[in-house]
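Descriptive analysis of the structure
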Amino acid sequence: MTAMKWCGIQTIEALDVAIDERVDYVGFMFAPSTRRVSLERAEQLAKRAQGRIQLVGVFVNPTVEEVEEAVRRVSLDAVQLHGDETQSLIDALVARGMTVWKACALRTTEDVERALQLKRVSMYVFDAPSTTKYRGGSGATFDWTLVQTVDVPFLLAGGLTAETVGEAIRTVSPYGVDVSSGLEVDGQKDEARMRAFARAVREER
């Protein structure tokens, strides 16, 4: 069964659709992004989730203190690092009891090899290189064949939509898929697109 993570959740309405569609994870963007949420807003959403869905906080080059505060206030199940974070930061977060995911932009096999050198990462998120001033969520894809033989748990991200996610799953067989812009119309989560994406993933399960 292919897991789903819907990222960039900002509203109660979008969260409710994710819960209704039995999505495995939702992502809250704490890094600079058009989908960024405040800790206060994330707290409200987390209360709504009430343990019915796992919560992932997405950060870019944070301090340990920033992550600790978010984990404490929002009760995050995992911390996703989407910047140029070092092994020492990963070690520090794991030492504090956090589950760390690492997002990596892939262009070449060397990028894959470099990513896999990181230790104590519970989940990788393999994404396309950014085409905007922000990390991720650009709607761009990358060469899926780069990760066809990777044997660690990972989420496939980058430009997935209801129309393409089935092919992606069949090509790569990832642990899960991660989507943000593919659920949106004019930069906002769209219920029809969200439900269509969930159906497309379930058809491959």
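Look up: the structure comes first, before these words.
Our subject in this report is the structure included herewith. (Residues numbered from 1 in each chain as written. Predicted model: local features only at pLDDT ≥ 70, side-chain atom pairs only at ≥ 80, totals over all residues. Heavy atoms only, no water.)

**Description of the side chain of Asp 178**
- With respect to the secondary-structure elements, Asp 178 resides in strand β8 (residues 176-179).
- If we ignore the near neighbours within four places in the chain, the residues touching Asp 178 are Lys 5, Cys 7, Gln 80, Val 125, Leu 155, Leu 156, Ala 157, Gly 158 and Leu 160. (Helix = DSSP H or I, 4+ residues; strand = E, 2+ residues; numbered from the N terminus. Contact = heavy atoms within 4.5 Å.)

**What to know about the sheet that holds strand β3 (residues 54-59)**
- A barrel is described by the order of its strands in space; here eight strands give the closed sequence β1-β2-β3-β4-β5-β6-β7-β8, paired in parallel fashion. Taken pair by pair, the neighbouring strands of this sheet meet at an average axis angle of 25°, ignoring direction.
- The sheet contact formed by strand β2 (residues 25-29) and β3 spans five bridges and is parallel. Bridge pairing in β3 places Phe 28 opposite Gly 57.
- Lying over the sheet, helix α3 (residues 64-74) contacts β2, β3 and β4 (78-81), oriented at roughly 155° with respect to β3.
- Across the sheet, helix α7 (residues 191-204) lies against β1 (3-7) and β8, angled at about 160° from β1, the strand it touches most. (Pairing = 2+ DSSP bridges. Axes fitted to C-alpha atoms, helices over the stretch in contact; angles between N-to-C directions.)

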